[in-house]
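Remarks on the overall topology
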Amino acid sequence: MVQQERNPGMPLDMGLINAIVVNKSATVRRCGELGTRRIVTGDHQLAWLMRAISCMDLTTLKGNDTPMRVFRLCEKAKMPVRQDMIKKLGKSDLTAAAVCVYPARVKDAVRALKGTGIPVASVATGFPSGQTSLKVKLEEIRQAVVDGAEEIDVVISRDKVALAQWTELYDEIRAFREACGAASLKVIMAAGELPTLTHLAKASMIAMMAGADFIKTSTGMEEVNATFPIGMTMVRQIREYYELTGHMVGFKAAGGINDAATALVWLSLIREELGVEWLNSNYFRIGASSLINDIERSLWVGLTGMCAARTYMPLA
Amino acid sequence: MVCGGRAMAERLTSHPDVAKVDFCGSTLVGQSIRKATAGTGKGITLQMSGKSPNIIFEDADLDGAIEGIMDAIFRNQGQICSAGSRLLVQESIAEKFFAKIRRRMSTIRISTSLDKSIDMSAVLAGTARIQRLVDTARAEGADVWQPDIEIPETGDFWVPTLITNVGPTSTVVQNEIFGPVVAAMTFRDAKDAVELANNQRYGLGSGVWSENISLALDVAHQIRAGMVWVNCYNMFDATGPFGGRKETGYGRQGGQEGLMNYVKPKWMPFDKHDWTERLSDFAAALEKWSTRQFGIIDENDVPFGNPALVVDKSPKLYISGKQVAASSNYVYQCRTPTGEVIGQIAESTSGDVAKAIDAAHKAAPGWAKTAPHMRGQLLFDMAENLSYRVEEFAKRIHIMTGRTMESCTAEVEKAIERLFTYASWADKWGGRVQEVPVYGLTVTVNDPIGVIGIVCPEEYPLLGFVSSFAPAVARGNAVVVVPSEAHPLSATDMFQIFDTTSVPAGVINVVTGGQAQASRVIAAHEDLTMIWHFGDAESAFFVEYLAHDNCKRTWCAHGVQRDWMDNEQGEGLEFLHESVEYKTIWMPAGI
């Protein structure tokens, strides 16, 4: 695959933004059939599951995260599937895509992943609510980058979306992108807190115009996180932006993806709506923590035909 | 006394004159013994590998705990199945504690066993395996530390080893090393510690170090192992039972609990069975036993029998407190003795059974924590709800089996009585104080197993069903029940009773269908640690054989039919014993 130039963004085009509309019921209907129209079984399923793992940002965002807890997660990122299974699968270089932590834990993650090539992603800008000053948000991004984060997951100001302050939203994200420097910028829509799918679509397009490298569904902490209609809406905007500018922006689904079956449907969505070129860790991520264990159990079923015990898969 | 390896073990244990096997050794040999003795009717106790956690809290006597680590993993060269080979240290004291361990390890004396001043001697069976695992640890990025102490130049000696900078994914954390090598991780709090402690395939020993009794007991209750040593490690006495759960095995050695593994009820005949011919082509035999033509409905079979007798029945499955359709559309007919069809019974698929097992797992922790008194109240309530419908349930049995209404009514009333019995046992069989030589308190707690897969007897469609789930549920287990294949309607009628009684969703799950097929799925499912099987002797062979894979505990009837109406056979100590895992907690005390 040709390595694409990083999305440079473009000037805000309000004409385009104003023209964006989403029909919710049509979107929901299309999403309802996703899991039924493309069934993946056998060896193909094993491959898809491993692809899902390679696209996972293993995440811990808890108030009581400590260096040791982060270390444990990083160990899982390095060895996401048990050794004996990896041997059977013949994929000894399988790792997670990244480890995602709070800013205070970036150094711990960087230390634990040293020499592995697995990047550290840091949430920033007053995650999860974003209800803090722009000054503080930008400083948070800069500090995380200094500490070694190669990816930054920021949150948009949902109040700006609610009040249709589109220019302010564009400017804010532009500022985030500058503060990131070389670090990759993922812009979290917090879709569950936006009024409608149309608002979500507009905000997604603005984020891409402002220079997002990835757009992300949610913080994982809203009442509603990564649903298929939300994903479908965002992914369709990614396609629009690509057709407009020729630049590929990545998509990250985060929160509420608890089992292997759901993960497979997400892969199917990306493949159908965007194409195989997006189905790798450069352009597709799943933010999760316990999902990895369910995928591991599914791999076990695929390899041996047996339903594994939960406590046998090493903890993330 | 004879010597030999795996071949000798198989030979000896499968000899027809051997009635009971008590095995302590490697998982591989234990599994082969299980296969060799499957379906024979012999009693088996298996006590195999472990990867036991030794948990040190910040409020422990740290120097005392250090000596506990000596007992757990260094004395006896760590070559004991219950060795505390995973060390879990609270993060807040980790640095200080590891420094103490290193200091203590540096004072260890190793020499031949004739030297009278030693802490450790030679290891059994060579050092090659230990070397391999320690090398793997290094390759995976762990820190491997050994004290600078002398060992004899010749002989199989291994310097005590501390491995840090490892997580649950590390090879040395998951696998038994069987040597003086301890893999150490840190934890934040008790919840973390318990999660790490239970994240293993085995369930033999554990150590809990804390001077806070509330904390120590809370953690002791949550660890899924056969032994919990509080402020001590590797204490043994014949008075107290010893043994493990999960892939460590089953059965106990010592204590009255261990004696239970050597006895059977007086009334029970001891039939021996030989299935060696099935073993010659196991896969084919398994297929033949567990596969059947799914019911293709003969047009002549439908319409239903005399509509005056019964309203037609197409019962569903009962999973997670809801009536759900089976995922296949196959059914078979439930018929009266004269051949009239009175019900279309769903054939559960392996997916349905797996779903039911999942539902049971979700419900099991909450049910186990439910106050025993409340569990009892639920069963009393269930009995009461059943008592309003005696005539209806009796009539159902009468139509299915053709027995007299008198006999059927007696069966229903007995089922009610049985529910009362187990309601009473819900909070009156908690365990035993063991009179060991150590001063303090050593108790064996009768812990729920978790999820039990139950295949009901064919006889007594209602009473057999109730007598099967009631003891398990009373003692805090969630169950997946396969009712009588020929007469399942009494069980499916109970769905409404479960609903009216507000049985918590997932505590009781019922999957109808061919018992052989369902038994196969349950016996092979790796997230199940216990199966009760009241079917025929041949089925017991397949069930016990399949159970070898994850060392599943089994209780099979081997074709012995019970008179469920007789209290001596239909209820009591046997059932309670099979509903629990004995957890022995040693708590030495003194001021």
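What you are looking at is a predicted structure, and each value in this text was computed from that prediction instead of being measured.

Observations regarding the overall build of chain B
The number of helices and strands found in chain B is 21 helices and 24 strands. Relative to its length of 591 residues, chain B is compact, with a C-alpha radius of gyration of 26 Å against a globular reference of 25 Å. Principal-axis analysis of the C-alpha atoms places the extent of chain B at approximately 90 × 50 × 45 Å. A burial count over chain B gives 59% of its 591 residues as buried. Considering only intrachain contacts with a sequence separation of at least 6, the fraction spanning at least 24 residues in chain B is 73%. Carbon together with sulfur atoms contributes 53% to the accessible area of chain B, which is approximately 23,600 Å² in total.

Thoughts on the overall build of chain A
Looking only at helices and strands, one finds 14 helices and eight strands in chain A. A globule of 316 residues ought to have a C-alpha radius of gyration of about 20 Å, and chain A, at 19 Å, matches this closely. Dimensions of chain A along its principal axes, counting C-alpha atoms only, are 55 × 45 × 40 Å. In chain A, 77% of the contacts between residues at least 6 apart in sequence involve partners at least 24 apart.

Regarding the interface of chain A and chain B
It is common to give the size of an interface as the accessible area that goes away when the parts come together. Facing 25 residues of chain A, the contacting portion of chain B comprises 31 residues. Taken together, the two surfaces of chain A and chain B that pack against each other cover about 2,400 Å², and 49% of this comes from carbon and sulfur. It is Met 68, Tyr 312 and Leu 315 of chain A that lose the most area in chain A upon contact with chain B, and together they represent 26% of the buried surface on that side. Counting across the interface, chain A meets chain B through five salt bridges. With a closest N to O distance of 3.6 Å, Arg 297 of chain A and Asp 527 of chain B form a salt bridge. Across the contact surface, chain A and chain B share 17 residue pairs in polar contact (both at pLDDT 80 or more). Secondary structure elements with two or more residues in the side of chain A that touches chain B: helix H5 (67-78) and helix H14 (291-304) of chain A. Considering each element in turn, the side of chain A that touches chain B owes the most residues, seven residues, to H5 of chain A.

Here's the deal with the environment of Ile 188 of chain A
Residue and element names in this part refer to chain A. Here Ile 188 lies in strand E5 (residues 184-188). By relative accessible area, which is 0% here, Ile 188 ends up buried. Between the alpha carbons of Ile 188 and Pro 128 there is a distance of 9.4 Å; along the sequence they are 60 residues apart. Beyond its immediate stretch of four places on either side in the chain, Ile 188 contacts Phe 127, Asp 153, Val 154, Val 155, Ile 156, Lys 216, Ser 218 and Thr 219.

Describing helix H11 (residues 197-209) of chain A
Residue and element names in this part refer to chain A. Its 13 residues give H11 an end-to-end C-alpha distance of 18 Å, which sits within 8% of 18 Å, the value for a rise of 1.5 Å per residue. Where H11 is concerned, the buried positions are Leu 197, Thr 198, Leu 200, Ala 201, Lys 202, Ala 203, Ser 204, Met 205, Ile 206, Ala 207, Met 208 and Met 209. Among the residues of H11, the N-terminal cap falls to Thr 196, whose side-chain oxygen and the backbone nitrogen of Thr 198 are separated by 3.2 Å. Looking one or two residues past H11, Gly 211 carries a phi angle of roughly 110°, positive in sign.

What to know about helix H4 (residues 42-54) of chain A
Residues and elements named next belong to chain A. With 13 residues, H4 extends 19 Å between its outermost C-alpha atoms, agreeing within 8% with the 18 Å of an ideal straight helix rising 1.5 Å per residue. Turning to H4, its buried residues number three or more, namely Leu 46, Trp 48, Leu 49, Met 50, Ala 52 and Ile 53. Buried residues along H4 sit against strand E1 (56-59), helix H6 (83-89), helix H13 (260-273) and H14.

Side note on the sheet that holds strand E2 (residues 43-47) of chain B
With mixed pairing, three strands are arranged side by side in an open sheet as E1-E2-E12 (chain B). The open sheet has two edge strands with one neighbour each: strand E1 (20-24) and strand E12 (249-250) of chain B.

Overview of the side chain of Asp 147 of chain A
Residue and element names in this part refer to chain A. One can find Asp 147 in helix H8 (residues 134-147). Under the relative-accessibility criterion, Asp 147 is labelled buried at 16%. Look past the residues within four positions of Asp 147 in its chain and what remains in contact with it is Pro 103, Val 106, Lys 107 and Val 110.

Structural notes on the side chain of Arg 82 of chain A
By the element assignment, Arg 82 of chain A lies in the loop between H5 and H6. One polar contact links Arg 82 of chain A to Asp 84 of chain A, side chain to side chain, over a distance of 2.9 Å. Those residues in contact with Arg 82 of chain A, other than ones at most four positions away along the chain, are Glu 296, Trp 300, Tyr 312, Met 313 and Pro 314 of chain A together with Gln 174 and Arg 201 of chain B.

Structural notes on the UniProt feature "domain: Aldehyde dehydrogenase" (unreviewed entry) in chain B
Residues and elements named next belong to chain B. In the numbering adopted here, UniProt assigns the feature "domain: Aldehyde dehydrogenase" (unreviewed entry) to residues 1-267 and 335-559. Secondary structure across residues 1-267 comprises 31% helix and 17% strand; the distance between its end C-alpha atoms is 32 Å. A distance of 24 Å separates the end C-alpha atoms of residues 335-559, which is 50% helix and 18% strand.

Notes on a negative patch on the surface
Together, Glu 58, Asp 59, Asp 61 and Glu 211 of chain B line one region of the surface with negative charge. The topology assignment puts Asp 59 of chain B in the loop between strand E3 (53-56) and helix H3 (62-74).

Describing the pairing of strand E16 (residues 341-346) of chain B
All names here are of chain B. For E16, the tally of buried residues reaches six of six residues, placing the bulk of the element in the interior. Where strand E15 (residues 331-335) meets E16, five bridges bridge the pair, whose relative direction is antiparallel. Of the residues in E16, the one forming a bridge with Cys 334 is Gly 343. The antiparallel pairing of E15 with E16 creates a hairpin that spans five residues between the two strands, and Gly 339 there sits at a positive phi of about 95°.

Thoughts on the nonpolar core
In this structure, Met 189, Ile 295 and Leu 299 of chain A are the most contacted members of the largest nonpolar core, which totals 105 residues. In this structure, Ile 295 of chain A is in contact with Leu 49, Ala 52, Ile 53, Met 56, Ala 260 and Ala 263 of chain A, ignoring residues within four places of it in sequence.

Focus on the pattern of salt bridges
In this structure the tally under the stated criterion is 55 salt bridges over all chains. One salt bridge connects Glu 67 of chain B with Arg 75 of chain B, and the closest N-O pair in it is separated by 3.7 Å. Of the residues examined, Glu 67 of chain B reaches a relative accessible area of 31% and is grouped as partly exposed. Within the structure, one salt-bridge network assembled from shared partners comprises Asp 57, Glu 151, Asp 153, Lys 186, Lys 216, Lys 252 and Arg 285 of chain A.

Focus: the packing of aromatic side chains
Using the criterion set out here, one finds 31 aromatic pairs over all chains in the structure. Centre to centre, the rings of Trp 229 of chain B and Tyr 233 of chain B are 4.8 Å apart; their planes meet at 45°, and the pair counts as tilted. The interplanar angle of 65° and the centroid separation of 5.1 Å between the aromatic rings of Phe 465 of chain B and Phe 469 of chain B together place this pair among those described as edge-to-face. Taken together, the residues span about one helical turn, with Phe 465 of chain B and Phe 469 of chain B both in helix H16 (residues 463-474) at a distance of four residues. Of the aromatic side chains, those joined through ring pairs into one cluster are Trp 275, Phe 282, Trp 289, Phe 541, Phe 542 and Tyr 545 of chain B. A cation over an aromatic ring shows up here: Arg 82 of chain A above the ring of Trp 300 of chain A, its NZ or CZ 5.1 Å from the ring centre. Against the face of Tyr 262 of chain B rests Lys 20 of chain B, its NZ or CZ located 5.0 Å from the ring centre.

Let's talk about the sheet that holds strand E4 (residues 151-155) of chain A
All names here are of chain A. Within the closed barrel, the eight strands sit side by side as E1-E2-E3-E4-E5-E6-E7-E8. Their pairing is parallel. Averaged over all adjacent pairs, the angle separating strand axes in this sheet is 25°, with direction ignored. One ladder, built from three bridges, connects strand E6 (residues 214-216) with strand E7 (residues 250-254); its direction is parallel. Bridge pairing in E7 places Lys 216 opposite Lys 252.

Quick word on unusual backbone geometry
Backbone torsion omega between Phe 127 of chain A and Pro 128 of chain A reads 0°, so that peptide bond is classified as cis. Positive phi, normally seen in glycine, also occurs at Ala 164 of chain A, with a value near 55°. With respect to the element layout, Ala 164 of chain A can be found in the loop between helix H9 (158-162) and helix H10 (166-180). For Ala 164 of chain A, a relative accessible area of 43% translates into the label partly exposed. Backbone geometry at Asn 165 of chain B places phi at a positive 60°, although glycine is not the residue there. Following the sequence through the fold, Asn 165 of chain B ends up in the loop between strand E6 (161-164) and helix H6 (171-174). By relative accessible area, Asn 165 of chain B is classed as partly exposed at 36%.

What counts as what
Counting restarts for each chain: residues are numbered from 1 in the order of the written sequence. Each chain gets a letter, beginning with A, and each ligand a number, beginning with 1, in the order they are written. Per-residue local features are limited, in this predicted model, to residues with pLDDT of at least 70; the limit for side-chain atom pairs, both in listing and counting, is 80 or more; totals at the level of whole chains, interfaces and linings are taken over all residues. Each side-chain value is derived from all of the structure's non-hydrogen atoms; neither hydrogens nor water enter the calculation. Numbering of helices and strands runs from the N terminus, with a helix taken as a DSSP run of H or I at least four residues long and a strand as a DSSP run of E at least two residues long. This radius of gyration counts C-alpha atoms alone. The globule rule is 2.2 Å times how many residues there are, raised to the power 0.38. Accessible area is worked out with a 1.4 Å probe on protein chains only. A residue is then buried under 20% of its type maximum, exposed over 50%, and partly exposed in between. Only heavy atoms matter for contacts: two residues are in contact if any of them lie within 4.5 Å across the pair. Here the accessible surface of atoms and residues is derived via Shrake-Rupley with a 1.4 Å probe, and residues count as covered only by protein chains that are part of the display. Each of two parts loses accessible area, computed with a 1.4 Å probe, when they are put together; buried area is these two losses added. Note on definitions: salt bridges are taken to be side-chain nitrogens of Lys or Arg within 4 Å of carboxyl oxygens of Asp or Glu. Distance and chemistry together define a polar contact, namely a pair of N or O atoms within 3.5 Å, with one atom able to donate a hydrogen and the other to accept it when in protein, and with adjacent residues in sequence counting only for side-chain atoms on both sides. In this analysis, the expected span of each helix is defined as 1.5 Å times one less than the number of residues it contains. Criterion used throughout: strands pair if DSSP finds at least two bridges between them. UniProt positions are given in the numbering used here, feature names are shortened, and annotations may be inferred rather than shown by experiment. The patches reported here contain residues having more than 30% relative accessible area and no salt bridge. Joining distances are 9 Å for like charges and 5 Å for nonpolar side chains (Val, Leu, Ile, Met, Phe, Trp, Tyr). Only four residue types enter the tally: Lys and Arg on the positive side, Asp and Glu on the negative side, with His and both chain ends excluded. A charge is said to be at NZ when it belongs to Lys, at CZ for Arg, at CG for Asp and at CD for Glu. Residue types Ala, Val, Leu, Ile, Met, Phe, Trp, Tyr and Cys, when buried and joined through side-chain atoms within 4.5 Å, form a set referred to as a nonpolar core. Stacked, tilted and edge-to-face are the three classes applied to pairs of Phe, Tyr and Trp rings, where Trp contributes its six-membered ring and a pair requires centres within 6.5 Å; stacked means planes under 30 degrees apart, edge-to-face means over 60, and tilted covers the rest. Only Lys NZ and Arg CZ are tested; either one counts as a charge over a ring when it is within 6 Å of the ring centre and within 35 degrees of the ring normal. Axes here refer to lines fitted to C-alpha atoms; in helices the fit is confined to the stretch in contact. Angles between the N-to-C directions go from 0 to 180 degrees.

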